[in-house]
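Here is how the chains run, residue by residue.
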Amino acid sequence: MDDHTNDGFRTDRRTLLKTLAGGAAGAALLGPVVARAATERPSQPPPATPDEALAALKAGNKRFVDHEPQVRSTEEIEDIWTSISGGQAPFASVLGCADSRLAPELIFDQFFGDLFVVREAGNIADSPTNLGSLEFGQAVLGSKLILVLGHSSCGAVKAALEGATPGGNIQSIVDAIKPGIAGAKTLEEATVANVHAVEDRIRAKSPLLKAAEDAGKIKIVGGVYTIATGTVTFFD
Ligand SMILES: [Zn+2]
């Protein structure tokens, strides 16, 4: 790909960004729950602390639930695009389930460059690779929060709760969830227990992230997304 082609690609993508995020009609394309025109808001500085990062996710989810997504001006989108073309500094990491109904950027009303997202069925932290991704998000990119995000009607947690034996590589997901949900009687209880177990597992299996949390550089918190309402319940 030569420079000219590359420039053309970038121009096309910038145009698409403006179309998607620049107005109420574009905002309607971003999610099924966006039902009316959104209010344009002045840009805010990025969260600088773990508590500010958590507050930003809570505020973003409220905007999503209230059907009032943040709409960026053309100038703001240009600034964001220029910024993320040169590097990234996501303010929060989300370890979410791979479920197609859970899309962190949408349900927290965030934009390109805001979130470092790691997804795996059952939102588990059992492999060196996904733990390594979370470590990269904190140590290299400066993420100030790790949110372990479970959700309602999670098939992976349900399979573990019911003692399913799907075999193949899917079995490793069920096996990773089972110990953390021991004693849970309902899917709701198991979903919450799994989130807390994964929070603890991150601390136990990642000395880097445990040290960062102890030093106040990051917070590790849990939450559950309710698909039917769009609401995230935070455990903090
Ligand atoms: Zn799930």
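Cut-offs and rules
- Residues numbered from 1 in each chain as written.
- Predicted model: local features only at pLDDT ≥ 70, side-chain atom pairs only at ≥ 80, totals over all residues.
- Helix = DSSP H or I, 4+ residues; strand = E, 2+ residues; numbered from the N terminus.
- Buried ≥ 20, exposed ≤ 12 C-beta atoms within 10 Å, placed from the backbone.
- Contact = placed C-beta atoms within 7 Å.
- Pairing = 2+ DSSP bridges.
- Axes fitted to C-alpha atoms, helices over the stretch in contact; angles between N-to-C directions.
- Core = buried A, V, L, I, M, F, W, Y, C linked by C-beta atoms within 7 Å.
- Expected span 1.5 Å × (residues − 1).
- pLDDT = per-residue confidence, 0-100.

## Focus on the overall build of the chain
Thought 1: Helices and strands together make up the secondary structure of the chain, namely 10 helices and five strands.
Thought 2: Out of the 236 residues in the chain, the part that is buried amounts to 35%.
Thought 3: For the chain, long-range pairs separated by at least 24 residues make up 71% of all intrachain contacts whose partners lie at least 6 apart in sequence.

## Points about the environment of G155
Thought 1: Among the structural elements, G155 can be located in helix 7 (residues 155-161).
Thought 2: With 34 residues separating them along the chain, G155 and A121 place their C-alpha atoms 8.4 Å apart.

## Description of the sheet that holds strand 2 (residues 115-119)
Thought 1: In space, the five strands of this open sheet follow the order 2-1-3-4-5, with mixed pairing throughout. Of all the strands in the sheet, the pair left with one neighbour each is strand 2 and strand 5 (232-235). The sheet shows a mean angle of 25 degrees between the axes of neighbouring strands, direction not considered.
Thought 2: Where strand 1 (residues 92-96) and strand 2 come together, five bridges link them in parallel fashion. Its bridge partner lying in strand 2, V94 is registered against V117.

## Some words on the pairing of strand 1
Thought 1: Among the five residues in strand 1, five count as buried, and that is most of the element.
Thought 2: Here strand 1 shows a buried face lined by A92, V94 and G96 and a second buried face lined by S93 and L95.
Thought 3: Bridge count between strand 1 and strand 3 (residues 145-151): four bridges; the pairing is parallel. Among the inter-strand pairings, S93 is bridged to a residue of strand 3, identified as I146.

## Some thoughts on the environment of G223
Thought 1: The residue G223 is located in strand 4 (residues 219-225) in this model.
Thought 2: As for G223 and F235, which are separated by 12 residues in sequence, their C-alpha atoms are 5.5 Å apart.
Thought 3: Not counting residues up to four positions away in its chain, the partners in contact with G223 are L147, L149, V232, T233, F234 and F235.

## Observations regarding the environment of F112
Thought 1: Inspection of the secondary structure assignment puts F112 in the loop between helix 5 (104-107) and strand 2.
Thought 2: Separated by 28 residues in sequence, F112 and I84 have C-alpha atoms that sit 7.9 Å apart.
Thought 3: Other than its neighbours up to four places away in sequence, F112 contacts I80 and I84.

## Section: the nonpolar core
Thought 1: If you look at the biggest cluster of nonpolar residues, it comprises 49 residues, and the most contacted ones within it are L95, I146, L147 and I177.
Thought 2: The biggest single contributor to this core is helix 9 (residues 187-205), with six residues.
Thought 3: Sequence-distant contacts of I177, defined by excluding residues within four places in its chain, comprise G122, I124, A156, V157, A160 and N194.

## Some thoughts on the pairing of strand 4
Thought 1: Of all seven residues in strand 4, six are buried, a share of seventy percent or more.
Thought 2: Taken together, the seven bridges between strand 3 and strand 4 define a ladder with parallel strand orientation. Note on strand 4: the bridge partner recorded for I146 is I220.
Thought 3: Sheet analysis places strand 4 next to strand 5, joined by four bridges and oriented antiparallel. Considered in strand 5, the bridge of G222 is made with F235.

## Points about helix 6 (residues 128-139)
Thought 1: In a regular helix each residue adds 1.5 Å, so 12 residues correspond to 16 Å; helix 6 covers 15 Å between its end C-alpha atoms and thus fits that length.
Thought 2: Its buried side turned inward, helix 6 meets strand 1, strand 2, strand 3, helix 9 and helix 10 (207-214).

## Focus: helix 9
Structurally, the α-helix is built with 3.6 residues per turn, so residues lying three or four positions apart point the same way.
Thought 1: For helix 9, spanning 19 residues, the distance from its first C-alpha to its last is 26 Å, which sits close to the expected 27 Å at 1.5 Å a residue.
Thought 2: Those residues of helix 9 that fall on the buried side of the exposure criterion are A190, T191, V192, N194, V195, A197, V198, E199 and I202.

## Description of the confidence of the model for the chain
Low-pLDDT stretches of the model should not have their predicted coordinates read in fine detail.
Thought 1: Of the residues in the chain, 82% reach a pLDDT of 70 or more, and the chain-wide mean stands at 87.
Thought 2: The low-confidence segment residues 19-40 (pLDDT under 50) makes 37 contacts with residues lying over four places distant or belonging to another chain.

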